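Given next are the chains, with one letter for each unit.
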Protein chains: 2
Amino acid sequence: MTEYSAIHDYEELELGDFRLQEGATLRGAKLAYKQHGEMNNDKSNVILYPTFFSGTHQDDEYMIGEGMALDPSKYCILQVNQLGNGLSSSPSNHPEPYDQGNFPVITTLDNVRAQHQLVMDYFHIDQLEMVCGYSMGAQQTFQWAAAYPEKMRKIVPWCGTASTTPHNYVFLEGVKSAITTDGHWQQGFYDSQPHKGLRAVGRVYAGWGLSQQFYYEQRYLDHGFSSLEDFLAGFWEAFFLQKDANNLLSMAQTWQRADIARTEGCHSRDEALNRITAKALVMPCETDLYFRREDVERETNCIPNAECRPIPSIYGHFAGIGFHEEDTAFINQGIKELLETSVD
Amino acid sequence: MTEYSAIHDYEELELGDFRLQEGATLRGAKLAYKQHGEMNNDKSNVILYPTFFSGTHQDDEYMIGEGMALDPSKYCILQVNQLGNGLSSSPSNHPEPYDQGNFPVITTLDNVRAQHQLVMDYFHIDQLEMVCGYSMGAQQTFQWAAAYPEKMRKIVPWCGTASTTPHNYVFLEGVKSAITTDGHWQQGFYDSQPHKGLRAVGRVYAGWGLSQQFYYEQRYLDHGFSSLEDFLAGFWEAFFLQKDANNLLSMAQTWQRADIARTEGCHSRDEALNRITAKALVMPCETDLYFRREDVERETNCIPNAECRPIPSIYGHFAGIGFHEEDTAFINQGIKELLETSVD
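Residues numbered from 1 in each chain as written. Chains lettered and ligands numbered in written order. Predicted model: local features only at pLDDT ≥ 70, side-chain atom pairs only at ≥ 80, totals over all residues. Heavy atoms only, no water.

As recorded in an unreviewed UniProt entry, chain A goes by the name Homoserine O-acetyltransferase, listed as coming from Marinococcus halophilus. Of chain A, the UniProt comment under Catalytic activity (unreviewed entry) reads exactly: "(S)-malate + NAD(+) = oxaloacetate + NADH + H(+)". (UniProt positions renumbered as here; feature names shortened; annotations may be inferred.)

Have a look at this one:
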């Protein structure tokens, strides 16, 4: 419904009749992905990079490039768009009867299973060099490592937890209610976007996305915004006005349900984390207000071969989104170090 | 418009044609207050206790009673309802042309000046024993002490800052947008409350009002709620569904503009705080997400005769609202100690 990408710069994998964890079957499901760089002969240089809430692979490309850790001249980087994001199967592009307000519930494991089809069944990759991602991309990374421990050597999840905390769930209730309060949303069966609701998402999100200190120091002035109100309208409202309301709701629902304890054969979050064999570098931001450092540290302590390295930044959750060069450089350095480490 | 109080248990002071700081004149303005206990002969035992966002004096009465620090057998406690709260002049009760969506902007200093009329002109009290309050009540307390330093001996503001921080301002943008997104709000000229918007306020506020740890420990189960969803609907939605939408917007606007630097003759927040001569006990909650301990400490350091004593609690901002007995006892003890201290 919404034009996400001016350039069709990605490929699509047909997933067939894709059975979802909560019961529905998404007939003719599709996974959109973009490949950067070439696979080497034994396909041992592949890095999988899933997307975050509201974003597409294009929004993650700040982390990829020659000279960066994710260097396409050395690695084959597969960016995979999560279901619901508008490029892979989503409320905005799926045919009836599972279209718009009737798009079924997607779980983090559904995303991981779809990506597993791409990596294992389509590309026949035996083992990934790394899975990495930001925010919901971090959640998919953790879920990959617990569901298929032997399928990757390394993981770098940043600004995300394996399981969504109850408070994070509550914050997302506020985000969702901003959309559903707009009468134009019409239970998801709208002809045009509920603009007021999308603007409200921006205002609700603004307090969560960046830290108290960021606003105190008026750091938005460093990013081309002329006042606080200009940042709220010119950045936050504008950001969400580009999105499809149902897609946002679908991804928020996936995020709310993220729970690594639901991995098959596991009985708890800690048990699932303990299964991870990949060498892990986990990077929360010190001032993240919803994927908090302390929550990430608690989880990281359950992973056998892991380091938790907080990003020292006042950019809160936005430290990980490519908004602030210093933070991007810090994350890049972490990925680089881990890629240079040999794992037996 | 909304029936706030089943019992008319308060008095009203006619403020006359009340000139507001930002220019409008509220003709026939009223200040609603409730007196507990009697004034002694020299009127030296009077405590002023202004209300918080969305609340009336009834919501503050948990802090008053025999055996409590605010003991009506010893003190005369004057509870004053802030403008916009539905009992004092408000969008919901003021006549045209300043009714509903056209109610003018109220500042913290407007509230303090209206209360000054009650205390000084009507009751002829020379000096208050104490001014105290929670949240926006704390903001009024700080403003009293800076605007009229000689008019009270002691102050106890809890869970509030003298000036609203930029991030706190942003959080309130989210709260306001939850209401204004509901088409039934109609720019404030509604015939019945915008219920969807009020519910959304509840969902947006839920993540801010209580701490991460509160939700992690499912502490709502201790308060008569059977699940997280039951707490979101049964407490948060129900809480705001009782309120008038325009009144909430008016108070949120007052809160957003709270800035003690605007005190007459002052050039900065720190200068205004430095003017305060009252002995001050300032009590932030350790886990408050918007009136944060560090922000309160920074301000308290500018007050000459002040102690900052954080409330050790996981109840966040709700530590101060009478929701959790231990926190109420902690605040009560602080007020008691200060009342027992003699001041020259």
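Right, let's get into the UniProt feature "active site" (unreviewed entry) in chain A. Residues and elements named next belong to chain A. Following the UniProt record, the feature "active site" (unreviewed entry) maps to Ser 135, Asp 288 and His 317 here. For the annotated residues, spread through 183 residues, the largest C-alpha to C-alpha distance comes to 10.7 Å, consistent with a single compact locus. When residues no more than four places from it in sequence are discounted, the contact partners of Ser 135 are Phe 52, Trp 158, Cys 159, Gly 160, Phe 291 and His 317. By the secondary structure assignment, His 317 is in the loop between strand E8 (306-308) and helix H11 (325-340). According to the relative accessible area criterion, His 317 is buried, its value standing at 2%. Beyond its immediate sequence surroundings of up to four residues, His 317 is in contact with Tyr 134, Ser 135, Cys 159, Gly 209, Asp 288, Tyr 290 and Phe 291. (Contact = heavy atoms within 4.5 Å. Helix = DSSP H or I, 4+ residues; strand = E, 2+ residues; numbered from the N terminus. Buried < 20%, exposed > 50% of the residue type's maximum accessible area, 1.4 Å probe, protein only.)

Bringing the pattern of salt bridges into the picture now. Any two side chains of opposite charge can pair, so long as their charged atoms come close to each other. Summed over all chains, the structure comprises 46 salt bridges over all chains. Asp9(A) serves as the salt-bridge partner of Lys34(A), at 3.1 Å between the closest nitrogen and oxygen. Here the residue Lys34(A) occupies a position in strand E2 (residues 25-36), and Asp9(A) occupies one in the segment before strand E1 (11-19), the gap between them amounting to 25 residues. According to the relative accessible area criterion, Asp9(A) is partly exposed, its value standing at 21%. Each of the salt bridges in this network shares a partner with another, and the network as a whole consists of Glu173(A), Lys176(A), Arg199(B), Arg203(B), Glu229(B) and Glu237(B). (Salt bridge = Lys/Arg side-chain N within 4 Å of Asp/Glu carboxyl O.)

Moving on to the confidence of the model for chain A. On average, chain A scores 96 in pLDDT, and the residues at 70 or more come to 98%. Confidence drops under pLDDT 50 across residues 1-5 of chain A; counting only partners more than four residues distant or on other chains, this segment forms 19 contacts. (pLDDT = per-residue confidence, 0-100.)

As a further point, take the relation of the copies chain A and chain B. Of the transformation placing chain A onto chain B, the axial shift is 0.0 Å and the rotation is 180°, giving an RMSD of 0.0 Å. Considering both components of the superposition, the chain copies are consistent with a two-fold axis. (Least-squares fit on C-alpha atoms with pLDDT ≥ 70 in both.)

Here Arg203(A) is to be found in helix H5 (residues 195-209). At a separation of 2.6 Å, a polar atom in the side chain of Arg203(A) contacts the side chain of Glu173(B). Not counting the four nearest positions on each side in its chain, Arg203(A) is found in contact with Glu229(A), Leu232(A), Ala233(A), Glu237(A), Val170(B), Glu173(B), Gly174(B) and Ser177(B). (Polar contact = N/O pair within 3.5 Å; in protein donor to acceptor, adjacent residues only side chain to side chain.)

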